[in-house]
Amino acid sequence: MTIPEDAAPKTSNISVRRGDPLVVITDVQKHYGDFQALTDINLTVNRGEVVVVIGPSGSGKSTLCRTINRLETITSGTITIDGAELPKEGKGLAQLRSDVGMVFQSFNLFSHLTILDNVTLGPIKVRKMKKADAEAQARILLERVGVGAQASKLPGQLSGGQQQRVAIARALAMNPKVMLFDEPTSALDPEMINEVLDVMVELAQDGMTMIVVTHEMGFARKAADRVVFMADGQIVEEATPEEFFTNPSSARAKDFLSKLLTH
């Protein structure tokens, strides 16, 4: 696997999109029984920032991503979003999840609903939008991600890349404060990966706060303000893409990158 030269950023954008802290993770630990999945996680993601989390399989990347909207509970520590700590359950948790868009590996669309209905369901049920307003917004978002012509189809009639772009539109329809992407291209055929990554790059350029767990190093170089490298449930280092890919500071990251670049 090689990192394409044209994926490298022409100029660093790390100072451009710094806002106030939006997601603050402090001293987070996560256990599954005797197994410690996350250890001493401290991470701040600022408003408008794109943070890409990379690392070997089993390093805790997806677990960390899923703790941010409490799909995974934490054993100890705190996570705040826009100054509010994650609620444990109930309406507060539902409200928080509506502010945190999530795009999964496997699309998670409702197979029995049309594309349009998949995108309008949340705004109508949770945001209490009028159906006509929700549908108008949905059509704009579906056009934005390049699947406007598919609005009346069922998910099973779309390619994997199209379904994942619908999933992005569905998350955007809730007008989230932050978007989480958990390996959004890992279930896609190679020719479909770029069509999803292109949408994500546009979101990043538009200033959406994004936390992206991915194996796509080209995307990390192109769109990230910061790369966070994890191994064994810990954050080993974080740096600008330029710093990380040209001069990683830890032996673990150097080993990880050397294996990528030799395959």
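Remember, predicted model here, so these are calculated numbers, not experimental data.

1. Examining the packing of helix H5 (residues 160-172) against helix H6 (residues 190-205)
In contact at an axis separation of 8 Å, H5 and H6 are set at 20° when each is read in the N-to-C sense. One way to sum up the angle between H5 and H6 is to call them roughly parallel. Here the hand of the crossing between H5 and H6 comes out right-handed. Two secondary-structure elements touch here, H5 through Gly160, Gly161, Gln162, Gln164, Arg165, Ile168 and Leu172 and H6 through Met192, Glu195, Val196, Val199, Met200 and Leu203.

2. Structural notes on the layout of surface pockets
The gaps of empty space that remain are located by a probe, the size of a water molecule, rolled over the atoms. The space that makes up the largest pocket amounts to roughly 550 Å³. Considering the residues around the largest pocket, the lining is formed by 18 residues, among which Arg97, Ser98, Gly122, Arg170 and Met174 are closest to the centre. Taken together, the elements giving at least two residues each to the lining of the largest pocket come down to helix H2 (90-99), strand E6 (100-103), helix H3 (115-125) and H5.

3. Here we look at the sheet that holds strand E8 (residues 210-213)
The sheet built from six strands is open, its strands ordered E6-E7-E8-E3-E9-E10 with mixed pairing. The open sheet has two free edges, formed respectively by E6 and strand E10 (234-239), since each of these has just one partner strand. Each adjacent strand pair in this sheet contributes to an overall mean axis angle of 20°, direction not counted. Note that E6 and strand E7 (residues 178-182) share four bridges and pair parallel. For Val100, the partnering residue across the bridge sits in E7 and is Val178. Running over the sheet, H6 touches strand E3 (50-54), E7 and E8 and is turned about 150° from E8.

4. What about the sheet that holds strand E2 (residues 35-46)?
If you trace the four strands from one edge of the open sheet to the other, you get E2-E1-E4-E5, paired in antiparallel fashion. Of all strands in the sheet, those with a lone pairing partner are E2 and strand E5 (84-85), marking the two edges. Of the strand pairs in this sheet, strand E4 (residues 76-81) and E5 are connected by two bridges, and their pairing is antiparallel. By the bridge assignment, Ile81 is partnered in E5 with Ala84.

5. Considering the pattern of salt bridges
Under the defined criterion, the tally for this structure stands at twelve salt bridges. Between Glu49 and Arg226 there is a salt bridge, with the nearest N and O atoms lying 2.9 Å from each other. With a gap of 177 residues between them, Glu49 in the loop between E2 and E3 and Arg226 in strand E9 (residues 226-231) connect regions that are remote in the sequence. Residues Glu49 and Arg226 agree in their burial class; the two are buried.

6. Regarding the UniProt feature "domain: ABC transporter" (unreviewed entry) in the protein
Mapped onto this numbering, the UniProt entry annotates "domain: ABC transporter" (unreviewed entry) at residues 23-257. Secondary structure across residues 23-257 divides into 39% helix and 26% strand, with the first and last C-alpha atoms of the span separated by 27 Å.

7. Some points on the environment of Gly160
Within the fold, Gly160 resides in helix H5. On the accessibility criterion, Gly160 (16% relative accessible area) is buried. The contacts of Gly160, once residues within four sequence positions are left out, are Phe107, Leu188 and Met192.

Thresholds applied
Residues numbered from 1 in each chain as written. Predicted model: local features only at pLDDT ≥ 70, side-chain atom pairs only at ≥ 80, totals over all residues. Heavy atoms only, no water. Axes fitted to C-alpha atoms, helices over the stretch in contact; angles between N-to-C directions. Helix = DSSP H or I, 4+ residues; strand = E, 2+ residues; numbered from the N terminus. Parallel < 35°, antiparallel > 145°, perpendicular 65-115°, else oblique. Left-handed = near helix turned anticlockwise from the far one by under 90°. Contact = heavy atoms within 4.5 Å. 1 Å grid on protein atoms, 1.4 Å probe; cavity = no way out; pocket = protein on both sides within 12 Å on 5 of 7 lines; lining within 4 Å. Points joined across faces, edges and corners; volume = space filled by probe spheres on them. Pairing = 2+ DSSP bridges. Salt bridge = Lys/Arg side-chain N within 4 Å of Asp/Glu carboxyl O. Buried < 20%, exposed > 50% of the residue type's maximum accessible area, 1.4 Å probe, protein only. UniProt positions renumbered as here; feature names shortened; annotations may be inferred.

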